[in-house]
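These are the residues of each chain, in order.
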Amino acid sequence: MPDYQPVELAKCYRLLNHGPTVLVTSAHAGRANVMAAAWSMPLDFNPPKVAVVIDKATLSRQLIEASGEFVLNVPVKAQAAAVLQVGSESGLQVADKFAASGLSAEPGHTVAAPHVAGCAGWLECKLLRETHNQQQYDLFIGEVISAWADPALFKDGHWQPIADDAKRTLHYIAGGHFFAIGDAFEIAQPD
Ligand SMILES: Cc1cc2nc3c(=O)[nH]c(=O)nc-3n(C[C@H](O)[C@H](O)[C@H](O)COP(=O)(O)O)c2cc1C
């Protein structure tokens, strides 16, 4: 497993800035869970905040509302089948989605919710309760209190050149159809 390193909070938005599909992890009262989410985004730099859509029919929503915490994990291509699986079945029917999907839960650093082993990185978040947004739009806002990344993939606030195709982050369309992130390129900053 990679030797994950803390990510400077002011730079943690960059883990999400390219719009990867994420895994949302949550836990409450001895129950932990994981679901896929294509609809997440950074929301602020400092203190860093994120937004994610969590449907009313999910177990994740119950756990997040009860615990006031969640983690956004950034999975990689090697995990795509598991991402699809945990996005296609509910913890309301499956007792342990980690075991069922082959994903491994590891203890959170600053939250009770676990993170997913093997991801490029993760953001540990405290829920900023906005009842209207949650009820009306299924929109959950969190403040990132700790972030971590595999330094082979994201280091000093920057994504690194991708040496291993299996480590590309994911973008979801629908129906099991994904894109993996492509290669980076640079454009000179305008004067
Ligand atoms: C790739 C992918 C992306 C998804 N994105 C979202 C999302 O952004 N928000 C959401 O509420 N559900 C999304 N889903 C559906 C949930 O992951 C799905 O409802 C899941 O079964 C919920 O699990 P839970 O009930 O165990 O929490 C997505 C599913 C897939 C496969």
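Our structure is the block above this text.
In this text, all values refer to a predicted model and were calculated from it rather than measured experimentally.

As for the pattern of salt bridges
- Applying the stated criterion across every chain, the model contains nine salt bridges.
- For Lys11, the salt bridge identified is with Glu8, shortest N-O distance 3.7 Å.
- Between Lys77 and Asp165 there is a salt bridge; the shortest N-O distance is 2.7 Å. You can see Lys77 sitting in the loop between strand 6 (69–74) and helix 2 (80–86) and its partner Asp165 sitting in the loop between strand 12 (158–159) and strand 13 (170–174), a full 88 residues away along the chain.
- Assessed through its relative accessible area of 36%, Lys77 is described here as partly exposed.
- Here the salt bridges do not stand alone but share partners, grouping Lys56, Arg61, Glu65 and Asp138 into one network.

A short note on the side chain of Asn73
- Following the sequence through the fold, Asn73 ends up in strand 6.
- What makes Asn73 buried here is its relative accessible area of 0%.
- Of note is the side chain of Asn73, whose polar atom sits 2.9 Å from the side chain of Thr25.
- Here the side chain of Asn73 touches Val116 through a polar contact of 2.9 Å, landing on its backbone nitrogen.

Details of the environment of Met35
- Within the secondary structure, Met35 is located in strand 3 (residues 31–37).
- Given the relative accessible area of 9%, Met35 is considered buried.
- Taking C-alpha positions, Met35 is 17 Å from Val111, a pair spaced 76 residues apart along the chain.
- Among residues more than four places away in sequence, those in contact with Met35 are Val22, Leu23, Val24, Val53, Ile54, Thr58, Ser60, Val86 and Lys97.

Thresholds, definitions, all that
- Residues numbered from 1 in each chain as written.
- Predicted model: local features only at pLDDT ≥ 70, side-chain atom pairs only at ≥ 80, totals over all residues.
- Heavy atoms only, no water.
- Salt bridge = Lys/Arg side-chain N within 4 Å of Asp/Glu carboxyl O.
- Helix = DSSP H or I, 4+ residues; strand = E, 2+ residues; numbered from the N terminus.
- Buried < 20%, exposed > 50% of the residue type's maximum accessible area, 1.4 Å probe, protein only.
- Polar contact = N/O pair within 3.5 Å; in protein donor to acceptor, adjacent residues only side chain to side chain.
- Contact = heavy atoms within 4.5 Å.

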